[in-house]
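Here's the letter readout for the chains.
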Amino acid sequence: MSENWAVCIGINSYDSLKPLDCARRDAEAVNDFFKDTLHFKNVYFLAEDAPPLKADFGQTLHSRPTFGNLMRFLRVRFEQPFLQPSDNLWFFFAGHGRRERDQDYILPLDADPGNVEETGIPVRYVVERLRKSGAENVVLLLDACRNEGARDGQGVGLDNQRGTVTICSCSPTEFSYEIDDLGHGAFTYGLIEGLRLHGEQNCATVERLDAYLQTRVPEICRLHGKPRQTPCTFAEPLSKRHFILLPDIALPEDLEPLKLEALEAEANDDLALAEQLWWRINAVEPTDAQSRAAIRRIALKFEHLAAQPKKPEPPAPDPPTPPLPPDDQTVKTSRRRLVIGAAAGAAALAVGGGLLVLPRLMKPRFPVLREEMLQIETVDSEGRPQPTAWQQANCFDQPLGGDNAIEFSMIPAGEFTMGSPDGELLRSDDEGPMFVKVGHFAISRTTITQAQWRSVVLARPSTIRWAMPVDPSSFKGDDLPVETITWQHAWEFCARLSAWTGHTYRLPSQAEWEYACRARTTTPFHFGQTLTPKLANYCGTGGAVCGVSDGRDISDLAYDGNVYPDGAYGSGPAGIFIGQTKPVRSYPTNRFGLFEMHGNVWEYCSDNWSDRLEDIPDNGSPYVGGRMDLHVLRGGSWSHNPAICRSAYRDRVNETSRGWSGRIGFRIVCEV
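What counts, and where the lines are drawn
- Residues numbered from 1 in each chain as written.
- Predicted model: local features only at pLDDT ≥ 70, side-chain atom pairs only at ≥ 80, totals over all residues.
- Heavy atoms only, no water.
- Helix = DSSP H or I, 4+ residues; strand = E, 2+ residues; numbered from the N terminus.
- Buried < 20%, exposed > 50% of the residue type's maximum accessible area, 1.4 Å probe, protein only.
- Areas by Shrake-Rupley, 256 points an atom, 1.4 Å probe, with all protein chains shown as cover.
- Pairing = 2+ DSSP bridges.
- Right-handed = clockwise from strand over helix to strand, strands pointing away.
- Disulfide = S-S within 2.5 Å.
- Phe/Tyr/Trp six-rings, centres within 6.5 Å; stacked < 30°, edge-to-face > 60°.
- Lys NZ or Arg CZ within 6 Å of the ring centre and 35° of its normal.
- Salt bridge = Lys/Arg side-chain N within 4 Å of Asp/Glu carboxyl O.
- Axes fitted to C-alpha atoms, helices over the stretch in contact; angles between N-to-C directions.
- Contact = heavy atoms within 4.5 Å.
- Expected span 1.5 Å × (residues − 1).
- Arc of directions from axis to C-beta.
- Parallel < 35°, antiparallel > 145°, perpendicular 65-115°, else oblique.
- Left-handed = near helix turned anticlockwise from the far one by under 90°.

The next subject is the overall build of the chain. The secondary structure content of the chain amounts to twelve helices and 29 strands. The buried share among the 672 residues of the chain stands at 58%. Accessible surface for the chain amounts to roughly 27800 Å². Of this, 50% is attributable to carbon and sulfur atoms.

So, about the pairing of strand β1 (residues 4–10). On a regular strand, one side chain projects to one face of the sheet and the next to the other, so that they alternate. Most of β1 is tucked away, with seven of its seven residues classed as buried. Direction of pairing for β1 relative to strand β3 (residues 88–94): parallel, over a ladder of seven bridges. Across the sheet, the residue bridging to W5 is L89, located in β3. Bridge count between β1 and strand β2 (residues 42–46): five bridges; the pairing is parallel. By the bridge assignment, I9 is partnered in β2 with L46. The β-α-β motif built from β1, the intervening helix α1 (residues 23–37) and the parallel element β2 has right-handed crossover chirality.

We now examine the state of the cysteines. Counting across every chain of the model gives one disulfide. The side chain of C539 participates in a disulfide bridge whose partner is C546; the two sulfur atoms lie 1.9 Å from each other. The burial state of C539 is the same as that of C546; both residues are buried.

Aromatic ring pairs: the centre-centre distance and the angle between the two ring planes describe each pair. Per the counting criterion, the structure on display carries 22 aromatic pairs. Ring plane angle 80 degrees and centroid distance 5.6 Å describe the contact between F475 and W638, whose orientation is recorded as edge-to-face. Highlighted residues: F475 in the loop between α10 (450–459) and α11 (487–501) and W638 in the loop between β26 (627–634) and β27 (650–654), separated in sequence by 163 residues. Exposure remark for F475: the relative accessible area of 19% places this residue in the buried category. A relative accessible area of 1% places W638 in the buried class. Of the aromatic side chains, those joined through ring pairs into one cluster are W5, Y44, F73, F78 and F82. Of note, R77 hangs over the ring of F82, and the distance from its end group to the ring centre comes to 3.7 Å. Taking the ring centre of W491 as reference, the NZ or CZ of R465 above it sits at 5.4 Å.

Here we come to the pattern of salt bridges. Within this structure, the stated rule accounts for 35 salt bridges. One salt bridge connects E431 with R646, and the closest N-O pair in it is separated by 2.6 Å. A residue pair is termed long-range when its members are at least 10 positions apart, and E431 in the loop between β17 (414–418) and β18 (434–438) and R646 in the loop between β26 and β27 qualify at 215 residues. Grouping residues by exposure puts E431 and R646 together as buried. Across the salt bridge formed by D651 and R652, the nearest N and O atoms sit 3.8 Å from each other. When its relative accessible area of 6% is taken as the criterion, D651 is described as buried. Beyond isolated ion pairs, a larger network of salt bridges with shared partners links R370, E372, D397, E407, R445 and R585.

What follows concerns unusual backbone geometry. Cis geometry marks the peptide bond from G432 to P433, where omega comes out at 10 degrees. Structurally, the position occupied by P433 is in the loop between β17 and β18. Despite not being glycine, N600 shows a phi value in the positive range, around 70 degrees. In this fold, N600 is placed in the loop between β24 (562–563) and β25 (602–609).

Take the sheet that holds strand β7 (residues 137–143) next. Pairing within the open sheet is mixed, and its six strands lie in the order β2-β1-β3-β7-β8-β11. Two strands close off the open sheet at either side, each with one partner strand: β2 and β11 (232–235). Each neighbouring strand pair of the sheet contributes to a mean axis angle of 10 degrees, computed without reference to strand direction. Two strands pair when backbone bridges link them, and β7 and strand β8 (residues 164–168) are joined in this way by five bridges, in the parallel orientation. Following the sheet pairing, L141 is matched in β8 by I167.

Moving on, we get to the pairing of β7. Burial of β7 is extensive: seven of the seven residues sit out of reach of the surface. Because side chains alternate across β7, one face comprises the buried residues N137, V139, L141 and D143, and the other comprises V138, L140 and L142, equally buried. Sheet analysis places β3 next to β7, joined by seven bridges and oriented parallel. Pairing of F91 across the sheet is with L140, part of β7.

Right, let's get into the environment of G542. Position of G542 among the secondary structure elements: in the loop between α12 (510–518) and β21 (548–549). You can call G542 buried: its relative accessible area is 19%. Expressed as a C-alpha distance, the spacing of G542 and P642, which sit 100 residues apart in the sequence, is 9.5 Å. In this view, G542 contacts Y564, P565, D566 and G567; residues no more than four positions away in its chain are not counted.

Moving on to helix α7 (residues 255–267). Taking 1.5 Å of rise per residue, the 13 residues of α7 would be expected to cover 18 Å, and the 18 Å separating its terminal C-alpha atoms lies within 8% of that figure. Here α7 has its buried residues at L255, L258, K259, A262, A265 and E266. For α7, the buried positions fall inside an angular range of 125 degrees around the axis, keeping them on one side. Relative to its buried face, α7 has exposed residues pointing more than 90 degrees away, namely L260, E264 and A267.

As a further point, take the packing of α7 against helix α8 (residues 271–284). Here α7 crosses α8 at 155 degrees, and the two axes come no closer than 8 Å. The angle between α7 and α8 places the two elements in the roughly antiparallel class. In the crossing of α7 with α8, the sense of the turn from one axis to the other is left-handed. Here α7 contributes L255, L258, K259, E261, A262, L263, A265 and E266 to the contact with α8, which in turn contributes L271, L273, A274, L277, W278, R280, I281 and V284.

Moving on, we get to the side chain of T205. Inspection of the secondary structure assignment puts T205 in the loop between α5 (186–195) and α6 (206–223). A relative accessible area of 5% places T205 in the buried class. If near-sequence neighbours (up to four positions away) are discounted, T205 is found in contact with R241, H242, F243, I244, L245 and D254.

Right, let's talk about the environment of G572 for a bit. By secondary structure assignment, the location of G572 is in the loop between β24 and β25. Spatially, the C-alpha atoms of G572 and R384 are 8.4 Å apart, while their sequence positions differ by 188 residues.

None of the figures reported here should be taken as evidence of function without further support.
Next up, the structure:
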């Protein structure tokens, strides 16, 4: 029998936003209805003066819905699975919400309306944490579009949360209203009213509840002299519109869509999904002979699979070969080949912990590696040049048409100490260190240039997930890094390039980035113990940050809680301040053949942000916990102190923010 759990949050008294009258009462009413009428297994109630949370999960957590308390509750309570896939997890929020930079946020009581990205909680993050509970059925009830007089005309509800049923109190261009005569918001009043219905008109399924709310809530507003308010429901996938919210009052005909879905899953050998669906059907109708027979049949199939001898491991494939582009250029083969592995008929793009499968638009072709001898420059602790060394690198190109191409270096697998040792000058507390193993991969030798950016945007103008600006950069030039872009733009670039070429391109993990940057060195910079103006583009005249952004002087001695008064690093020389980006390949390479790993522009990584380096995987893969909307930056920029450009330095930015103008770019990985 499946269980129901819920989280109910209501906020009336905001520190910096218009107070509300009914939000707390709404959340308490839903809390009581879930517990007393629907007999939920457990409900967590959070409000300004709510009782302490029941400590059924170890640590004591506070119920006052501040940013810190809510983030800690979501992190601690949902860190480990505690529900079964067939269970339901409900999340009700009544209070202020805001849509900022194409992302939905719920606002805790101490939210800053002028800094929503840092003080609001993304709905996407809420869903990501709730799904860690183990429940496959997550239901969001968001009464978070209440008019607080400073909106941009778009309320919470435009985001489509995958694998989730989201019911919003109003359409994206509307507000939700409190009805003084009822003592509740119109949405919450209609919601509880609908869930109480029995008989043929009950709201046991998502589809019927949605239909009821779309009729009843506008009627409530009309009767009480309020503007129109129309709730909207998003179900992902669409089959979740047939999801049974309340099994006790469901009708026999409500089971038919679920039975069809269960049979289809079983026919496709998705036994886990089929079993879950049949148990859900059995919970509604325990005497249903078809579901009982199906559950026994699937159990036998699981036993049969468990008894099968394990298949021997397939022989290791031949070493892979990097990709050739979508044009008709030919490459003479005179060296050994490495073949890019890709699924037949599709390109797979890594997204967080999963894969986005894109249609392959052409048959990929495979170039050959070329060997290149690199002149390696290093300095001593005072910045004096040391004897030149020579290093061989294996490289290949991904042509983009005409003379334009992205050049890659092959990075061998290895292991290294990531972060900085305790004694490294001006290190930060979030730099570990920790031991990491990294597999082999290919990474672009430079950050993506403006010419390369335009080639991909113009060749693949169709949006895969996010729109891309054609010419976003603050400093113009074909060979200059593309900059003033968001993490989402960088992700979209990789997605479109993957779809165009049939190969897998993505952002590097921060472990891959640092491993590639260090190139088997252990010093603060791959050049040695310090930086000089001949080696990198950085702010060498003193201060943590130099220059302007969008016409505003942002120069400061401090950055992220640390003070950087000197323009020199360690015993090295003072530098200069150029005040903008330099063309790629302006400075010497490291031992892997990579240019400008220190300074010039910050570089996006695929990882979500964590304050603790120790949280990231030790196998080189990206960290996918924490806040999904904050991502890692590496390498520093032309406007930052050399200490901020060290190999180990880590920063973060919201995925919808372009940062200070002219300062954030990216390089990409080709999976091999």
